[in-house]
Structures are given as C-alpha cells and as structure tokens.
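# An overview of the molecular structure
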Amino acid sequence: MKVGKCLRNILRRFRRECWGPTATEYAVLLVLVIFGAMTAVSLIGSQVGNSIQSVAQSLPDGAEDAGSEGSGSGKDKKDKKDKKDKKDKRGKKGGKKD
C-alpha cells in the first residue's frame, strides 16, 4: 500500500502547488497542437494524393512501366530486335568465308 499512499501525496502536492494548473494548461495546449497538426497533415495529404493521381492519369499508358525491370513498351522492344537482326545480317554478308 506504499505505492497508493505515495501517489495520494503526489496528487495532493500537485493540487496545492501553483505548477499544477500550469501543467494542466500546457497539457491542453499540447493536445490542441497535436490535433491541429493531425488535421493539417490529413488535409494536405489528401490534396497531394489527388494531385499525384491526376498527374499519373495524364501520362501516357507506357509511363508506369518506365521504372520497372524490362522497361519499355512492346514497340520499343520490337525496334531493338529489328536493329539487332539488321546488324546480324550485315555481319553475315561481310563475314569471313570458310
């Protein structure tokens, strides 16, 4: 029961001394600041999300693949393959004869 007695003494002293109401005022102020910050972040976050979404929708369809492995559209891959095939054909024409 020592803990309960100690806690009661602390609460009595908290009520008696002048820093008690000041601490309460600071606690209320802190709660208001936290609530305001959370509200601001929530509002700004949704606006930023909407902006990002509108930018993503305005980009061409192949743009979302640009950052992934094997990037590029099917047309780009076909163009690269065609260029490689042309190189191979040129190499065969001018190559050594057996």
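## Description of the overall build of the protein chain
If you tally the helices and strands in the protein chain, you get three helices and zero strands. In sequence order, the protein chain lays out its α and β elements as α-α-α. When the 98 residues of the protein chain are sorted by exposure, 1% land in the buried category. Taken as a whole, the protein chain presents about 9600 Å² of accessible surface, with 61% of it coming from carbon and sulfur.

## A look at the confidence of the model for the protein chain
For the protein chain, the average pLDDT comes to 75, and 63% of its residues sit at 70 or higher. Taken element by element, the protein chain is modelled with least confidence in helix α3 (residues 74-93), mean pLDDT 67, and with most confidence in helix α2 (residues 19-58), mean pLDDT 88.

Conventions and cut-offs
Once a new chain begins, its residue numbering starts again from 1 and follows that chain's sequence as written. For this predicted model, a pLDDT threshold of at least 70 governs which residues receive local features, and a threshold of 80 or more governs which side-chain atom pairs are given and counted, while totals over whole chains, interfaces and linings are taken from all residues. Think of the side-chain values as coming from all heavy atoms in the structure, minus any hydrogens and water. Secondary structure elements follow DSSP: runs of H or I of four or more residues count as helices, runs of E of two or more count as strands, with numbering from the N terminus. A simple rule labels every residue: compare its accessible area, found with a 1.4 Å probe on the protein chains alone, to the largest value its type can have, and call it buried under 20%, exposed over 50%, or partly exposed in between. Areas reported as accessible are Shrake-Rupley estimates using a 1.4 Å probe. Residue values count occlusion only from the protein chains shown. Looking at any residue, its pLDDT shows the predictor's confidence there, from 0 to 100.

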